[in-house]
Amino acid sequence: MSLGLTTSAALAVAGTLAVTAPAHATYYSGGMPKRSFSVKTVGINGEWVKYFDTARGNWNRAGVGASIKRSSSAKPSFTAGNYSQSWYGLYAPSGTRAHRSFQIKVNATTLWRDTKSIPKYDKWVRSTSTHELGHGLSLADNPNTSKVSLMKHSRDRSKVQTPQPYDKSEVKRIYR
């Protein structure tokens, strides 16, 4: 899930997508200007840092030219917590595309509520964390495709934890 658009901006984007869809409907203007960027982890323990590092590695090894590093001095951030809302993850961009930053939050409460087992929970956390970093690579939620995509909310989070061929081709297309 992504945040950061005002109502008028959201309507403008929706209107634009209605005119131009379905061709390349996965572009998200809240993404980073380049495939290489750094992110800091904030307020999380070593287990959550491992989840984040796995998500970074999923994109860095995807063959899309991504280089997502972890740096304590980065402005973009990744955190996790027990939030009362029902979302799994949030991506909130800020600044202009040329000077983009973002905050990713992963909701441990909702993920545990919907999985209730450690093996399934681990998979869903990895899927959610990798999905949220996909927004940093300019991928939007719920692309208009029948292909399997990490960016679809309807994906099977126990099976789709890494960028899929469709996601990879879209990142390559966006950053050519």
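Only a predicted model underlies this, so the values are computations on that prediction, with no experimental measurement involved. (Residues numbered from 1 in each chain as written. Predicted model: local features only at pLDDT ≥ 70, side-chain atom pairs only at ≥ 80, totals over all residues. Heavy atoms only, no water.)

### Observations concerning the overall build of the protein chain
Then, number 1: From N to C terminus, the protein chain includes 5 helices and 5 strands.
Then, number 2: Secondary structure elements of the protein chain, listed N to C terminal, follow the sequence α-β-α-β-β-β-β-α-α-α.
Then, number 3: Evaluated residue by residue, the protein chain yields a buried proportion of 47% over its 176 residues.
Then, number 4: For the protein chain, the proportion of contacts with a sequence separation of at least 24, taken over those separated by at least 6, is 69%.
Then, number 5: Accessible surface, the protein chain: about 8700 Å² in total, of which carbon and sulfur atoms supply 54%. (Helix = DSSP H or I, 4+ residues; strand = E, 2+ residues; numbered from the N terminus. Buried < 20%, exposed > 50% of the residue type's maximum accessible area, 1.4 Å probe, protein only. Contact = heavy atoms within 4.5 Å. Areas by Shrake-Rupley, 256 points an atom, 1.4 Å probe, with all protein chains shown as cover.)

### Thoughts on the packing of aromatic side chains
Then, number 1: Under the criterion given, the structure shown has 8 aromatic pairs.
Then, number 2: With centroids separated by 5.8 Å and ring planes inclined at 90 degrees, the aromatic side chains of Phe 37 and Phe 102 adopt a geometry described as edge-to-face. Linking Phe 37 in strand β1 (residues 36–41) with Phe 102 in strand β5 (residues 101–107), this pair joins segments that are 65 residues apart in sequence. A single burial state applies to Phe 37 and to Phe 102, both of which are buried.
Then, number 3: The rings of Tyr 28, Phe 37, Tyr 91 and Phe 102 are connected pair by pair, giving a single aromatic cluster.
Then, number 4: The ring centre of Trp 124 lies 5.7 Å from the NZ or CZ of Arg 157, which sits over that ring. (Phe/Tyr/Trp six-rings, centres within 6.5 Å; stacked < 30°, edge-to-face > 60°. Lys NZ or Arg CZ within 6 Å of the ring centre and 35° of its normal.)

### Focus on the packing of helix α3 (residues 108–115) against helix α4 (residues 118–136)
Then, number 1: Across the interface, α3 lies against α4 with an axial gap of 9 Å and an inter-helix angle of 135 degrees. If you check the angle between α3 and α4, you find them oblique. When the axes of α3 and α4 are compared, the crossing they make is right-handed. In this structure, α3 contributes Ala 108, Leu 111, Trp 112, Asp 114 and Thr 115 to the contact, and α4 contributes Ile 118, Lys 120, Tyr 121, Trp 124, Val 125 and Thr 128.
Then, number 2: Looking at the contact of α3 with α4, its residues break down into 7 nonpolar, 2 polar and 2 charged. (Axes fitted to C-alpha atoms, helices over the stretch in contact; angles between N-to-C directions. Parallel < 35°, antiparallel > 145°, perpendicular 65-115°, else oblique. Left-handed = near helix turned anticlockwise from the far one by under 90°. Nonpolar A, V, L, I, M, F, W, Y, C, P; charged D, E, K, R; others polar.)

### Some thoughts on the nonpolar core
Soluble globular proteins tend to pack their nonpolar side chains together in the buried interior.
Then, number 1: Core analysis: the largest hydrophobic core is formed by 37 residues, its most contacted members being Trp 48, Trp 59, Phe 102 and Leu 137.
Then, number 2: Breaking this core down by element, the ones donating at least two residues are β1, α2 (46–60), β3 (77–81), β5, α3, α4 and α5 (165–174).
Then, number 3: In terms of residues, this core owes the most to one element, α2, which gives 6 residues.
Then, number 4: If sequence neighbours within four positions are ignored, Phe 102 has contacts with Met 32, Phe 37, Val 39, Lys 75, Pro 76, Ser 77, Tyr 91, Ala 92, Pro 93, Ser 94 and Leu 133. (Core = buried A, V, L, I, M, F, W, Y, C linked by side-chain atoms within 4.5 Å.)

### A few points about the environment of Lys 172
Then, number 1: Structurally, Lys 172 can be placed in helix α5.
Then, number 2: When its relative accessible area of 43% is taken as the criterion, Lys 172 is described as partly exposed.
Then, number 3: Sequence-wise, Lys 172 and Val 64 are 108 residues apart; in three dimensions their C-alpha atoms are separated by 5.7 Å.
Then, number 4: For Lys 172, the contacting residues outside a window of four places in its chain are Arg 35, Gly 63 and Val 64.

### Quick notes on unusual backbone geometry
Then, number 1: Unusually for a residue other than glycine, Ser 138 sits at a positive phi of about 70 degrees.
Then, number 2: Position of Ser 138 relative to the elements: it lies in the loop between α4 and α5.
Then, number 3: Judged by its relative accessible area of 0%, Ser 138 is buried.
Then, number 4: With a phi angle near 50 degrees, Asn 142 is a residue other than glycine that sits in the positive phi range.
Then, number 5: By secondary structure assignment, the location of Asn 142 is in the loop between α4 and α5.

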